[in-house]
Amino acid sequence: MNPKRLLAITRAGIMESLQFRLGIFVTLFANLIYLVLVYYLWKAIYDSSGTDVVNGMTFTDTMIYLILATALFNFLEMFVVWDMSRKIQSGALVLDLLKPMRFRKYTFWSYTGNHVVQFVLTFIPTFIVVMIVTGGAIPLGLNIVWFIIATVFALIINYNIEMLVAPICLFTESTWGINIVKETIVLLLSGATIPLAFFPEKARMVVQYLPFRAVYDIPLSILLGKSGSDTWQGLLQLFALQIVWMVVLTLAGNLFWNCAVRKVTVNGG
Amino acid sequence: MQKRGLIFYARMYRKILVQDLKSKMSYRADFVISTFGMIMTNLSGFVTFLILFRNFPTINGWDYYHMLFLYGFSLVALTPVQCFFDNNWNLRFMVQSGDFIKYCFRPVNVFFYFISEVFDVKGLGQLAFGIGTIVYAWVHIGIPVTPLVIVKLIVYLLTASLFMIALMNFAAATCFWIKGSGYVMVIMFRFKDFAKYPASIFSGIFKVIFTFIIPIAFIAYYPSLVILQPGNVPPLSWISPLFGIVFVYLSYKFWMLGVRKYDFTGS
């Protein structure tokens, strides 16, 4: 596939997202309020605990972790499940299936524009605010490069999780339910609601190897230099986990989609 | 338009409700999965809570059972908005597509007709979960059970629920002015996650903001103090019912203002 064509889809996505500029500013503003809430909550928690470091996480670490997890969440959020169910109901899915491009590939690239816009307009400003508030607590070095690579992997894994879940709507006619189950599981097990470092030892042993962790925990750990990512060996382990899940989920998603697409019944809309 | 009595509206609500439930019954798989999803979100919230308390035994002087009470309180207080006001989530699609016009052509209150159209059954699961949590925490804290306390509990639970209703009305109504305002609702809905923590953690200007502008502190904290600290109830707790009614009234006015401003898409 010609990369130029793919980039054209990305550009269209960027222009589409920029139509909702106000929405982006609201997101950014809400992130800042969220930052304040997280700050007060965890400040109170750490103040009550009497120690500065809990499970290897200081107050600043926890705060940066949770805020950037929220920013990552805005950035990674895809409405594949919603879009697909709406397309099935209206029949527009057929038009996408007829396009001279694999459906999964087309869907992925049509979201990239939104990702680019969200990254530039919400993630980077949030990152800068966090840097200012914490007085530069995030180390700036090679870890930024690794973080960006890990985020791209996270994006692909997240997309594949979405694409594994979305076709279930074809069978159940339930969108809200499917989506909320997916979101709950991903947010909890990926460490976006509470850092994985706080999980009980045994639970962590299991969660550590699940794909959800690769979406939020691994990029953020790499950024903060936690989970052994400050050594080459530890870094490679984290990347290896991401790559394995990326391959497995892509294959599984492909298989499931090819199977599910045969079930599509579109009412003559 | 002539004024109609409460009885008229109550009877109509019942009729619309029955229709809604009938249409829901035709999607049984959806109902089962949605209920399961609701249980999952509550379980996940609970697991987060447990993990937090495993690492930190007290938060700002609040111990495990008091926090659990507050958590259950917030769950119950969030049930009415979930059950009765769920159609607010569809408002922006209706406004954008122009379908909203149908509500304006009926000889009944637009807000009433729109909101009554959907009753969300799965909210009841949350209610059960919340009541269970309150009872469990109640027993462990050892609050005496008297009729007066029960009445207070019910009154202040209703009070607490008013604030979330008002917030969601405000958030939903923004779609009359802003295109693609779904974000506002999602964000407001996420702020509710902080209702289950004692608002005493805030200080300075943010204490004012989270009490009077985005009243997160009223969704559980202030109303629950009436039960939790009967000897030392701050004045804000006592007057919270009044605040709640004012907030809901303002949100209703804001919503209706949006309706008046709404100019129909041609399609």
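In case you missed it, the structure is sitting above this.
Moving on, we get to the overall build of chain A. Within chain A one finds 12 helices and two strands. The N-to-C order of helical and strand elements in chain A reads α-α-β-β-α-α-α-α-α-α-α-α-α-α. What you see for chain A is a C-alpha radius of gyration of 20 Å, in line with the 18 Å of a compact globule of 269 residues. Projected onto its principal axes, the C-alpha positions of chain A cover 65 × 40 × 35 Å. Per-residue burial over chain A gives 52% buried out of 269 residues. Contacts spanning at least 24 positions in sequence make up 79% of the contacts within chain A whose residues lie at least 6 apart. Distance from the positive charge centre (18 side chains) to the negative charge centre (13 side chains) of chain A: 12 Å.

Within the structure shown, the criterion is met by six salt bridges over all chains. For the salt bridge of K182 of chain A with E162 of chain A, the shortest nitrogen-to-oxygen distance reads 2.7 Å. With K182 of chain A in helix 9 (residues 176-189) and E162 of chain A in helix 7 (residues 142-165), this pair connects stretches of sequence that are 20 residues apart. Both residues of the pair, K182 of chain A and E162 of chain A, count as buried. A salt bridge links K102 of chain B to E117 of chain B, with the nearest nitrogen and oxygen atoms 3.3 Å apart. Pair noted here: K102 of chain B is in helix 6 (residues 101-104) and E117 of chain B is in the loop between helix 7 (110-116) and helix 8 (123-141), with a separation of 15 residues, a long-range link.

With respect to the element layout, F210 of chain B can be found in helix 11 (residues 205-213). Along the sequence, F210 of chain B and A199 of chain B sit 11 residues apart, while their C-alpha atoms lie 8.3 Å from each other. Setting aside its immediate chain neighbours within four residues, F210 of chain B contacts I33, V36 and L37 of chain A together with F202, P215, I216 and A217 of chain B.

This part covers helix 3 (residues 59-76) of chain A. The terminal C-alpha atoms of helix 3 of chain A lie 25 Å apart, and with 18 residues this matches the ideal 26 Å at 1.5 Å per residue to within 8%. The element helix 3 of chain A is extensively covered by neighbouring structure, given that 16 of its 18 residues are classed as buried.

This brings us to the interface of chain A and chain B. If you look at the interface, chain A gives 43 residues, while chain B gives 40 residues. Across the chain A to chain B interface the summed buried area is about 3600 Å²; carbon plus sulfur atoms make up 78%. Three residues, L37, Y40 and L41 of chain A, lead the burial of chain A against chain B; their summed loss comes to 18% of the area buried on that side. Where chain A touches chain B, the interface holds zero salt bridges. At the surface where chain A touches chain B, the tally comes to three residue pairs in polar contact (both at pLDDT 80 or more). Those elements that provide at least two residues to the side of chain A that touches chain B are helix 2 (21-49), helix 3 and helix 9 of chain A. Sorting elements by how many residues they give to the side of chain A that touches chain B places helix 2 of chain A first, with 18 residues. Its residues assigned to classes, the side of chain A that touches chain B shows 27 nonpolar, 14 polar and two charged.

Residue and element names in this part refer to chain B. One way to put it is that helix 2 (residues 28-55) packs onto helix 3 (residues 64-77) with a least axis distance of 12 Å and a crossing angle of 160 degrees. It follows from the interaxial angle that helix 2 and helix 3 lie roughly antiparallel. Along this stretch, helix 2 crosses helix 3, giving a crossing that reads as right-handed. Contact residues: N42, G45, F46, F49, L50 and F53 in helix 2; Y64, M67, L68, Y71 and L75 in helix 3. Residue composition of the contact of helix 2 with helix 3, by class: nine nonpolar, two polar and no charged.

Another point: a nonpolar patch on the surface. Among the surface-exposed residues, W238, I239, L242, V246, Y249 and L250 of chain B lie close enough to one another that they form a single nonpolar patch of about 610 Å² accessible area. Within the secondary structure, L242 of chain B sits in helix 15 (residues 240-261).

Relative to the helices and strands, T126 of chain A resides in helix 6 (residues 103-133). Sequence-distant contacts of T126 of chain A, that is, excluding residues within four places in its chain, are made with L28, N31, I67 and A71 of chain A.

This next bit is on the packing of aromatic side chains. The geometry of an aromatic ring pair is captured by the separation of the ring centres together with the interplanar angle, meaning the angle of the planes. Residues and elements named next belong to chain B. Overall, the coordinates contain 60 aromatic pairs over all chains when judged by the stated rule. The interplanar angle of 85 degrees and the centroid separation of 6.1 Å between the aromatic rings of F46 and F129 together place this pair among those described as edge-to-face. Here F46 is found in helix 2, whereas its partner F129 is found in helix 8, with 83 residues between them in sequence. For F46, a relative accessible area of 22% gives the class partly exposed. Site record: aromatic cluster; members linked through ring pairs are F85, F100, Y103, F111, Y113, F114, F170, F176, W177, Y252, F254 and W255. Directly above the aromatic system of F189 lies the positively charged group of K192, at a separation of 4.1 Å from the ring centroid.

Conventions adopted
- Residues numbered from 1 in each chain as written.
- Chains lettered and ligands numbered in written order.
- Predicted model: local features only at pLDDT ≥ 70, side-chain atom pairs only at ≥ 80, totals over all residues.
- Heavy atoms only, no water.
- Helix = DSSP H or I, 4+ residues; strand = E, 2+ residues; numbered from the N terminus.
- Rg over C-alpha atoms; globule rule 2.2 N^0.38 Å.
- Buried < 20%, exposed > 50% of the residue type's maximum accessible area, 1.4 Å probe, protein only.
- Contact = heavy atoms within 4.5 Å.
- Lys, Arg positive; Asp, Glu negative; His and termini not counted.
- Charge placed at Lys NZ, Arg CZ, Asp CG, Glu CD.
- Salt bridge = Lys/Arg side-chain N within 4 Å of Asp/Glu carboxyl O.
- Expected span 1.5 Å × (residues − 1).
- Buried area = accessible area lost by both parts, 1.4 Å probe.
- Polar contact = N/O pair within 3.5 Å; in protein donor to acceptor, adjacent residues only side chain to side chain.
- Nonpolar A, V, L, I, M, F, W, Y, C, P; charged D, E, K, R; others polar.
- Axes fitted to C-alpha atoms, helices over the stretch in contact; angles between N-to-C directions.
- Parallel < 35°, antiparallel > 145°, perpendicular 65-115°, else oblique.
- Left-handed = near helix turned anticlockwise from the far one by under 90°.
- Patch = residues over 30% accessible without salt bridge, like charges linked within 9 Å, V, L, I, M, F, W, Y side chains within 5 Å.
- Areas by Shrake-Rupley, 256 points an atom, 1.4 Å probe, with all protein chains shown as cover.
- Phe/Tyr/Trp six-rings, centres within 6.5 Å; stacked < 30°, edge-to-face > 60°.
- Lys NZ or Arg CZ within 6 Å of the ring centre and 35° of its normal.

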